[in-house]
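Fold and geometry: a report
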Amino acid sequence: MDALTDARDLVAERFPNATWAMLTGSVLGPDRTAGSDLDIVVLREEPGFRESLYFRGWPVELFVHTPDRLAGTLERELAQRKPSTHRMIALGVPLRGDPGDLAGRCARVLADGPPPLTAAEGDRLRYGLTDLLDDHKHAVDVGERAVIAAAVWTESARVALAFAGRWLSSGKWLLRELRALDPDFADRWLAARDEPAAFAAEVLAKAGGPLFEGYRA
């Protein structure tokens, strides 16, 4: 299956008037698997949308933007510290048209990292993890404790990344960001999956310690 050829044909069929379009995602690199899909970013003047479909046996994710929608998405991602669209554009391969210097600008944003945490952002993260750890400590229902443990485990990674000045993410990209920060730390995080409290408490201590009394937002 030729990802580039099939992606170009799909764009030509669905978006003949697109300003530009690019193929991106794991299908282009060493992380490609049998389940990799065609992630296609499209810029056009008509209304934007997100759509999932199959094309010639490929699962396809379409991310269709107007210029204003794309600008708003990129701005929102910076505020959320989760650069999904920046990464797609920075690593994409053009299928149609010319995105100009946008890929380079997105790559520079990724390399520069997110803006520094504000005091309010840091307090919110500390408070959230403190609250989760407290819930985990006092949970008596086995099912609830398991659900809270999963939340503690995931949030400990997010807090560690945020206070290290790194991008946040979810799913496989959460682990990739941790490995980029510190492979040994990422391995310790993986090992703490079933019993995450001690690991999360360590992360919280490095972030300034627990925060409950006096927290106000």
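Residues numbered from 1 in each chain as written. Predicted model: local features only at pLDDT ≥ 70, side-chain atom pairs only at ≥ 80, totals over all residues. Heavy atoms only, no water.

Another aspect to go through is the nonpolar core. Core analysis: the biggest nonpolar cluster contains 25 residues, and Leu178 and Trp189 have the highest contact counts within it. Those elements that place two or more of their residues in this core are α5 (119-138), α6 (142-163), α7 (172-181), α8 (183-191) and α9 (197-206). The leading source of residues in this core is α6, at 8 residues. Once residues within four sequence positions are removed from consideration, leucine 178 is found in contact with Ala157, Leu161, Pro183, Phe185, Ala186 and Trp189. In this structure, Ala3, Phe15, Phe55 and Val64 belong to the second largest nonpolar core, which totals 19 residues. (Core = buried A, V, L, I, M, F, W, Y, C linked by side-chain atoms within 4.5 Å. Buried < 20%, exposed > 50% of the residue type's maximum accessible area, 1.4 Å probe, protein only. Helix = DSSP H or I, 4+ residues; strand = E, 2+ residues; numbered from the N terminus. Contact = heavy atoms within 4.5 Å.)

What follows concerns unusual backbone geometry. Phi angles above zero are rare outside glycine, and arginine 56 is one such case at about 50°. Mapped onto the elements, arginine 56 comes out in the loop between β3 (49-55) and β4 (58-65). Judged by relative accessible area, which is 49%, arginine 56 ranks as partly exposed. We note that arginine 81 has phi near 60°; this positive angle belongs to a residue other than glycine. Looking at where arginine 81 falls in the secondary structure, it is placed in the loop between α2 (67-80) and α3 (84-90). Looking at arginine 81, the relative accessible area reads 6%, which means it is buried.

Our focus in this paragraph is the packing of aromatic side chains. Applying the stated criterion across every chain, the model contains 5 aromatic pairs. Plain terms: the ring middles of phenylalanine 15 and phenylalanine 49 are 6.3 Å apart, the flat faces sit at 35° to each other, and that makes the pair tilted. Of this pair, phenylalanine 15 sits in the loop between α1 (3-14) and β1 (20-24) while phenylalanine 49 sits in strand β3; the two residues are 34 residues apart in sequence, bridging distant segments of the chain. The partly exposed category is assigned to phenylalanine 49, whose relative accessible area is 24%. Directly above the ring of tryptophan 173 sits arginine 87, whose terminal nitrogen or CZ lies 3.8 Å from the centroid. Above the plane of the ring of tryptophan 173 lies arginine 176, whose end atom (NZ or CZ) is 4.8 Å from the centre. (Phe/Tyr/Trp six-rings, centres within 6.5 Å; stacked < 30°, edge-to-face > 60°. Lys NZ or Arg CZ within 6 Å of the ring centre and 35° of its normal.)

Turning our eyes to something else, we now look at α9. Within the sequence span of α9, burial applies to Phe199, Ala200, Val203 and Leu204. Along the long axis of α9, the arc covered by the buried residues comes to 135°, so they all point the same way. Looking at α9, the residues exposed on the side facing more than 90 degrees away from the buried face are Ala198, Ala205 and Lys206. Its buried side turned inward, α9 meets α5, α6 and α8. Just downstream of α9, glycine 208 is the residue with a positive phi angle, here 120°. (Arc of directions from axis to C-beta.)

Across the 6 residues that make up strand β2 (residues 38-43), a large majority, 6, are buried. Judged from the 5 bridges that link them, β1 and β2 form a sheet pairing that is antiparallel. Bridge assignment links leucine 23 to a residue of β2, and that residue is isoleucine 40. Examined bridge by bridge, β2 and β4 share 6 bridges and lie parallel to one another. What sits directly across from aspartate 39, in β4, is glutamate 61. (Pairing = 2+ DSSP bridges.)

Function cannot be inferred from these measures alone, as they are strictly geometric.
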